[in-house]
Amino acid sequence: MGFNEILEISKPRIVVLLVITAVTSMYAASKLVPGVPELDYWSYLHIIIAGALASAGSSALNHYYDKDIDPKMTRTSTRPIPSGRMAASNVLIYGLAVSCISVIYGYFALNAVSAFFIAVGIFSYVVIYTVWLKRRNVSNIVIGGIAGSAAAWAGWSAATGSMDLLGFLVGFLVFVLTPSHFWCLAMKIKDEYAKAEVPMLPVVIGMQKTSKFILGNTLILIPYSLILSFIPDGMGIVYTVIAIVSGGLMLVYHYKLTKNPTSEFAWKAYKVTAPYLTIIFVAVALDAAFHIPLDTVLGIPLF
């Protein structure tokens, strides 16, 4: 069990994405929520460690559980377990140990609320998505998206020790985004999911209808993302402008996808819009750093 194999089962790209989500949420909460003390570098290091461990551990458990269907898909057939580079039992032990450590670490280094959301993220990805829904129901990735939201909630509550309306809405952005993002990938590898008998949306209802679902979800995502700017003590002009521009780009590509619902264009839409999550959470942090309320810019009271 070498370092490269451990890195691979930990899914480092997902680790980085979720850590960015948690850290930016934590920073935003420290600036936007009244009464929260200034955070030091240790606080950010703690959320990075806890978040990275949680993501790595749950990813390893996903590798373990999917060991029987991974050989059926080209994209996953060379993973450490199906390729024989790691024993399944070792992956299971690693996944369980790292997941448990992440929650314990979060409890002692951050706070109980943050540790709770770290546990929610692991449970959502491993039990709800991987074990329960992925192979049984077309809603698998929709409901499984709560795992990404939990990363943002863990970051927010790491700063505040609690959860408020803005923090919840910021985290729930991940849940609302996930279908638009993942269904594009599912369209790209529809045939592989069909071969593995995984009921992803394009396998069940076809490419054309899936593209319309993606567009419909994006039409929900954009106004939802702007709700954060129109609640009391919500996001300001920096976030609002970035949300409109990045959401508009997604809308354009997802509209084009309905006109050309092929795996090739789905992959293009996936790559173009994949940075949206990072962009929107960096926007949350930038807005917190340079907070200019909307009513200041518009010159009219919003509340």
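What counts and what doesn't
Residues numbered from 1 in each chain as written. Predicted model: local features only at pLDDT ≥ 70, side-chain atom pairs only at ≥ 80, totals over all residues. Heavy atoms only, no water. Axes fitted to C-alpha atoms, helices over the stretch in contact; angles between N-to-C directions. Helix = DSSP H or I, 4+ residues; strand = E, 2+ residues; numbered from the N terminus. Parallel < 35°, antiparallel > 145°, perpendicular 65-115°, else oblique. Left-handed = near helix turned anticlockwise from the far one by under 90°. Contact = heavy atoms within 4.5 Å. Nonpolar A, V, L, I, M, F, W, Y, C, P; charged D, E, K, R; others polar. Salt bridge = Lys/Arg side-chain N within 4 Å of Asp/Glu carboxyl O. Buried < 20%, exposed > 50% of the residue type's maximum accessible area, 1.4 Å probe, protein only. Patch = residues over 30% accessible without salt bridge, like charges linked within 9 Å, V, L, I, M, F, W, Y side chains within 5 Å. Areas by Shrake-Rupley, 256 points an atom, 1.4 Å probe, with all protein chains shown as cover. Phe/Tyr/Trp six-rings, centres within 6.5 Å; stacked < 30°, edge-to-face > 60°.

(A) Representation of the packing of helix α8 (residues 165-188) against helix α13 (residues 263-273). For the pair α8 and α13, the least separation of the axes is 8 Å and the interaxial angle reads 150°. By the angle between their directions, the pair α8 and α13 is classed as roughly antiparallel. As for the relative orientation of α8 and α13, their crossing is left-handed in sense. Taking contact as the criterion, the partners of His181, Cys184, Leu185, Met187 and Lys188 in α8 are, on α13, Ser263, Ala266, Trp267, Ala269 and Tyr270. In terms of residue class, the contact of α8 with α13 is built from 7 nonpolar, 2 polar and 1 charged.

(B) Representation of the pattern of salt bridges. Summed over all chains, the structure comprises 7 salt bridges. Note that Glu8 is salt-bridged to Arg85, the shortest N-O span being 3.1 Å. One end of the pair, Glu8, is in helix α1 (residues 3-9); the other, Arg85, is in the loop between α3 (41-65) and α4 (88-109), and 77 residues separate them in sequence. By relative accessible area, which is 29% here, Glu8 ends up partly exposed.

(C) Spatial organisation of a nonpolar patch on the surface. A grouping of Trp42, Leu45 and Ile49 is seen on the molecular surface, where their side chains present a nonpolar patch of about 300 Å² in accessible area. Mapped onto the fold, Ile49 is located in helix α3. Ile49 sits in the partly exposed class, given a relative accessible area of 31%.

(D) Spotlight on the packing of aromatic side chains. Inspection of the entire model under this criterion finds 11 aromatic pairs. Measuring from ring centre to ring centre gives 5.4 Å for Phe168 and Phe172, while their planes differ by 20°; the resulting arrangement is stacked. Remark: Phe172 and Phe168 occur in helix α8; sequence separation between them is 4 residues, near one turn of the helix. You can call Phe172 partly exposed: its relative accessible area is 22%.

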